[in-house]
Amino acid sequence: MSAIGGRSALDPRMSLFDHVSRLHARAPDLPLPGGGHPYPDDADHWDRPYGDEEADHAVLLTTVREFFADGTRPVERLHDDLRDLLVRAEHAANLAWPADPPWPTPDRARTTGLWLVRNSTDRVPALVGLFLLTGTARPEDMSSIKVLGLLSCFTPAVVQVLRAIPGSPDALIWLVERSRIGGRSEALRALCRLRDPSTFPWLLRRAVDDRVPARMLAKEIADAVDLAELLQEADDPVITQGGVLLAALADDPLEDQYPELPRAVAGFSRRASGATRSLDLLATAITLTEELRTGRLACLDWPERERATTLARFLDLLSSPSWDPVLAEASHSPQPLTRGRADWARWGRERALTSTPVRPQAGVHSRLAVGVVVPDPASYREVQTRLLVDDRPLIAEAFPLGVPGTPETLLRELPARSQAREVRLAGVACDEGCCGALYVTIVLDGDTVIWRDWRNPREKVGLPELRFAARPYAMVIEEALRDDRWEWPARTLAGRLNRLIRDENLLGPWNCEPGGVCARAHARDRMEVIFWHPREPGDEDDEPWLQLEWIVPVRDGEDPEAQLVRIASHLRGVDPRDYATVIAGAEADAYRLGFPWPDP
C-alpha cells in the first residue's frame, strides 16, 4: 500500500476534535452549522482513490499491530503513519478488529485511542482511535468521545463506542439532540437496542418532536418500549405520544410491520377517548381511521371483528364536538405547519365520517372505489390515490412495498378504452428495477372493464383478472376526477403553473427545461418549481447538467389567478437561474456551468 508525502508530527493544522469543539461552543444545543463542513482535512480526502476495502483494512491492522509490537514508538508516529496511508475514510469507518486484538492490554488501547480522538488532524487516525476505544473506554471518557460524534463521518463509530460504556444512554441522548438526521438515526437505534427503561419516556417524546427519524425507526422504538402493552392502560401524555408512533407504524410495509400492531391500535382506540384533546391526537385518529379502511392496517391479521370494532371506536371519537375548540385554536396559530394541519384535519375528519364502504356484489363483476388520501402534514408523506376492490385495499395487499400514484397522474390513466393500455398503479422511492412496481393492463370489452396481465418487474403478482361493469366503473372515475376537495390552494396553483410553464415554454428562453411543479403535503404554504439546465440528461449524456429548484411562497388570501399571473410574469422577466438552488447533478458540473455548489 502506497503512502502520500509525509507531513510532520508537528502539523500546525487544527485537530478534528478542536475543530468540532470550537463549532459546538458557538451553539451548544444545536447541530453543527453545515454539519461541521469544511473539515480541516478535506483537501487530503477529496481525490483519494477508491481502493479495495479488505486491502485497506489489512494495512490499517498491520500498522496498528506494528505500533503496539514495538512498545517504544510514540503515539504521534502512529498518527502520522495512519494519516499518510492512502486509505479511504469510509473504509476505516467499517474496520472490525479480529478475534486476537492487536494491543497488549485494554488500558494501552484506551490511552492510545483517547490520544488519537483528541489530537488527530486527519479522520483516518481518529477513526482508528475510536475503534481502539470500542469496549475499552470508560464512563469518564464519554465527554470527549460524544463531541467527535457531531461530525457525521464519525457518528456510527462514536455510537458503537458509547453503546459499550456503562451509563451511556445520557450521552446517546445528548448526541441525538445535537445531530443531523443521519446521526440522530444511528444514536436513536442504539438507544432502542439498549432497552433501558429510563429512556422510554424520552423515546416516546422524541417520536412526537422529531418525526422524520422517528418514522424511520418507528418499529425499533415500538419494540423497545413495548408499545402494545404500554397502550393498554396508558394515560396522557403517553396516549398522544404513542399515537404519533402508531401513525408512523401504520405506513410500514406489511413484511416489516411491528408484529403487535393490531393490539396496539386497538388499545389506543380504547384509551384515546379519555385523553386530552390535541391536534396530534386528532391527527392520529384520522390517520388510523383511513389506514383501517384503505391502507395497510386493513391487511393485517386482526382477531375476528376486532378491526370493525376498532374502526367504530375511532368514528365515535371523531364525531365528538370536543375537537372544535382544538381546530379553532390551531387555525389561528402563528406556525404555518399548525395552520395547515388544522385545514387538513377538518377535511380528513369530514372524509372519515362521511365515507361509506363499497361492498362486494353478486355476480362476476367487482366493485371499484377510488379515494385520494392526503397525509398529516407533519408526517412528511405524499398524497396517494387509494384503490379499493370489493372494499379491500388493492395496492396494499398486492404490492406491500408500493406507494400508490398521485391523483394528478394516476386518475387520468384509469379510464377504460377499447384499446388496451398498461397502467402503473404504484411504485417505490427507489428504482423499480431494485424494488419493483405494480402494473396492470386496462381494457374496455363491451360493457365490461377488464384489469388483466398484472406485472411487477421484480416478482410475480398474485392477483386474478378483475372485471367491472363499465358504466358504474366510468362513474367512479369521473367522480374522482371532479372531486378536488382534497386539494389545498398551493396544490391547485402548482398544477396550473406546471401546465402554463409547459404550454408557454416559460423556461426555454433561459436555456432550461421544465421538470415539474409540486406542492408537498408537509409544506402547504409553498410550491417547488423544478427545472433542468441546460437540459434534462439522457441515459448516455456526457454533457454537464444540473437540476435546480425555486421555492415559491403561496400567499394566504391572495386570489389564485392573481398569484398565477404574478409568478408567470416573474418567470418571463427574470432569469430563474439567478435565484434557484442546485438540488442535483455533479459538483464539477456546477462549477463548469457557473453555479455555486450547495452546502452539505
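Owing to the predicted nature of the structure, the values given are computational and were not obtained by experimental measurement.

Participant: Even after reading the chapter, I still don't get the overall build of the protein chain, so can you show me in this structure?
Facilitator: Tallying secondary structure elements over the protein chain gives 28 helices and 12 strands in all. Projecting the C-alpha coordinates of the protein chain onto the three principal axes gives extents of approximately 90 × 65 × 50 Å. Long-range pairs, those at least 24 residues apart, make up 63% of the contacts in the protein chain between residues at least 6 apart in sequence. A total of about 27,800 Å² of accessible surface is found on the protein chain, and carbon and sulfur atoms cover 50% of it. Across the protein chain, 72 positive and 93 negative side-chain charges occur, with their mean positions spaced 3 Å apart.

Participant: Please clarify how empty space enclosed by the protein should be interpreted in this entry.
Facilitator: Empty space among the atoms becomes visible once a probe the size of a water molecule is rolled across them. Applying the stated rule across the entire model yields two cavities of 30 Å³ or more. By volume, the second largest cavity is sized at about 120 Å³. Where the lining of the second largest cavity is concerned, the elements lending two or more residues are helix H18 (279-294), strand E2 (384-389) and helix H22 (394-398). No other element matches the four residues that E2 contributes to the lining of the second largest cavity. Classifying every residue of the lining of the second largest cavity gives six nonpolar, five polar and four charged.

Participant: Looking at this model, I keep getting lost on the sheet that holds strand E1 (residues 368-373). Mind explaining?
Facilitator: Pairing between the strands of a sheet is mediated by backbone hydrogen bonds and can be parallel or antiparallel. Across the sheet, three strands lie side by side as E1-E2-E3; this open sheet has antiparallel pairing. Looking at strand neighbours, the two that pair on one side only are E1 and strand E3 (392-393), the edges of this open sheet. Note: E2 against E3, two bridges, orientation antiparallel. Residue pairing for E3: Val389 is matched across the bridge by Arg392.

Participant: Help me out: how do you make sense of the pattern of salt bridges in this one?
Facilitator: Oppositely charged side chains may form a pair once their charged atoms are brought near each other. By the definition in use, this model includes 44 salt bridges. Three or more residues joined by partner-sharing salt bridges are found here, namely Asp70, Arg73, Arg77 and Asp81.

Participant: Quick question: what am I supposed to make of the packing of helix H16 (residues 238-249) against helix H17 (residues 261-271) here?
Facilitator: Helix-helix packing is described using two parameters, namely the angle between the two axes and the distance between the axes. Contact geometry for H16 and H17: axes closest at 11 Å, N-to-C directions at 140°. In terms of orientation, H16 lies oblique with respect to H17. Judged by the sense of rotation from one axis to the other, the crossing of H16 with H17 is left-handed. Contacts between H16 and H17 pair Ile239, Gly243, Leu246 and Leu249 from the former with Leu261, Ala264, Val265, Phe268 and Arg271 from the latter. The residue makeup of the contact of H16 with H17, split by class, is seven nonpolar, one polar and one charged.

Participant: Honestly, unusual backbone geometry in this entry has me stumped. Any pointers?
Facilitator: A negative phi angle characterises most non-glycine residues, just as the trans form characterises most peptide bonds. Here the residue pair His37 and Pro38 is connected by a cis peptide bond, since its omega of -5° sits within 30 degrees of zero. Mapped onto the fold, Pro38 is located in the loop between helix H1 (16-26) and helix H2 (42-45). Put simply, Asp236 and Pro237 share a cis peptide bond, and its omega is -5°. Here Pro237 is to be found in the loop between helix H15 (227-230) and H16. Backbone geometry places Asp391, a non-glycine residue, at a positive phi of 70°.

Participant: Explain the packing of helix H4 (residues 75-83) against helix H6 (residues 106-119) to me, please; I cannot follow it from the model alone.
Facilitator: It is the contact of H4 with H6, at a shortest axis distance of 10 Å, that shows an interaxial angle of 60°. Here H4 is positioned oblique relative to H6, judged by the angle of their axes. With respect to the hand of their crossing, H4 and H6 are arranged in right-handed fashion. Between H4 and H6, the contacting residues are Val75, Glu76, Leu78 and His79 on the first element and Thr112, Trp115, Leu116 and Asn119 on the second. Broken down by class, the residue content of the contact of H4 with H6 amounts to four nonpolar, three polar and one charged.

Participant: Would you mind going over the sheet that holds strand E7 (residues 448-455) with me for this structure?
Facilitator: Pairing in this open sheet of five strands is antiparallel, and the strands run E4-E5-E6-E7-E8 from one edge to the other. Either end of the sheet is taken by a strand with one partner, and the two such strands are strand E4 (403-404) and strand E8 (466-469). Here E4 runs beside strand E5 (residues 421-427); their pairing, made up of two bridges, is antiparallel. Residue Pro404 lies in a different strand from E5, and its bridge partner there is Ala426. On the sheet, helix H25 (residues 470-482) packs against strand E6 (438-445), E7 and E8 and is oriented at approximately 85° with respect to E8.

Participant: Looking at this model, I keep getting lost on a negative patch on the surface. Mind explaining?
Facilitator: Negative charge collects at one region of the surface, where Asp539, Glu540, Asp542 and Glu543 lie side by side. Tracing the backbone shows Asp539 in the loop between strand E10 (526-533) and strand E11 (546-553).

Participant: It is not clear to me how helix H3 (residues 53-70) should be interpreted in this structure. Could you clarify?
Facilitator: Each α-helix turn comprises 3.6 residues. Residues three or four places apart therefore point the same way. The end-to-end C-alpha distance of H3, which contains 18 residues, comes to 26 Å, matching closely the 26 Å that a straight helix rising 1.5 Å per residue would cover. When H3 is considered as a whole, its buried residues turn out to be Asp56, His57, Val59, Leu60, Leu61, Thr63, Val64, Phe67 and Phe68. Backbone nitrogen of Glu54 and a side-chain oxygen of the N-cap are separated by 3.2 Å at the start of H3; the cap is Asp52. Phi for Gly71, located one or two positions after H3, is positive at around 80°.

Participant: Teacher, can you tell me more about the layout of surface pockets here?
Facilitator: Looking at the largest pocket, its volume works out to about 1,200 Å³. What lines the largest pocket is a set of 39 residues, among which Ser355, Thr356, Val358, Ala369 and Val370 lie closest to the centre. Those elements that provide at least two residues to the lining of the largest pocket are H18, helix H19 (306-318), helix H21 (336-354), E1, E2, E8 and H25. Looking at the lining of the largest pocket, its residues break down into 18 nonpolar, seven polar and 14 charged. Estimates place the volume of the second largest pocket at around 760 Å³. Contributing to the lining of the second largest pocket are 26 residues, with Thr406, Glu408, Arg491, Gly495 and Val517 lying nearest its centre. Of all the elements in the fold, those that place two or more residues in the lining of the second largest pocket are helix H23 (407-410), H25, helix H26 (489-503) and strand E9 (513-518). For the lining of the second largest pocket, the leading source of residues is H26, giving six residues. Looking at the lining of the second largest pocket, its residues break down into 10 nonpolar, seven polar and nine charged.

Participant: Please clarify how the packing of aromatic side chains should be interpreted in this entry.
Facilitator: Pairs of aromatic rings are described using the distance from one ring centre to the other and the angle between the two planes. Per the counting criterion, the structure on display carries eight aromatic pairs. Centroid distance Trp451 to Phe468: 5.2 Å. Interplanar angle 65°. Geometry classified as edge-to-face. One end of the pair, Trp451, is in strand E7; the other, Phe468, is in strand E8, and 17 residues separate them in sequence. You'll find Trp451 and Phe468 in the same group, each marked buried. Within the aromatic cluster, the residues linked to one another by ring pairs are Trp451, Trp454, Phe468 and Tyr473.

Participant: Would you take a moment to explain the side chain of His79 for this structure?
Facilitator: Of note, His79 is situated in helix H4. Ignoring sequence-local partners within four residues, the contact set of His79 consists of Trp115, Leu116, Asn119, Ser120, Thr121, Asp122 and Pro125.

Each value, and the rule that gives it
Residues numbered from 1 in each chain as written. Predicted model: local features only at pLDDT ≥ 70, side-chain atom pairs only at ≥ 80, totals over all residues. Heavy atoms only, no water. Helix = DSSP H or I, 4+ residues; strand = E, 2+ residues; numbered from the N terminus. Contact = heavy atoms within 4.5 Å. Areas by Shrake-Rupley, 256 points an atom, 1.4 Å probe, with all protein chains shown as cover. Lys, Arg positive; Asp, Glu negative; His and termini not counted. Charge placed at Lys NZ, Arg CZ, Asp CG, Glu CD. 1 Å grid on protein atoms, 1.4 Å probe; cavity = no way out; pocket = protein on both sides within 12 Å on 5 of 7 lines; lining within 4 Å. Points joined across faces, edges and corners; volume = space filled by probe spheres on them. Nonpolar A, V, L, I, M, F, W, Y, C, P; charged D, E, K, R; others polar. Pairing = 2+ DSSP bridges. Salt bridge = Lys/Arg side-chain N within 4 Å of Asp/Glu carboxyl O. Axes fitted to C-alpha atoms, helices over the stretch in contact; angles between N-to-C directions. Parallel < 35°, antiparallel > 145°, perpendicular 65-115°, else oblique. Left-handed = near helix turned anticlockwise from the far one by under 90°. Patch = residues over 30% accessible without salt bridge, like charges linked within 9 Å, V, L, I, M, F, W, Y side chains within 5 Å. Expected span 1.5 Å × (residues − 1). Buried < 20%, exposed > 50% of the residue type's maximum accessible area, 1.4 Å probe, protein only. Polar contact = N/O pair within 3.5 Å; in protein donor to acceptor, adjacent residues only side chain to side chain. Phe/Tyr/Trp six-rings, centres within 6.5 Å; stacked < 30°, edge-to-face > 60°.

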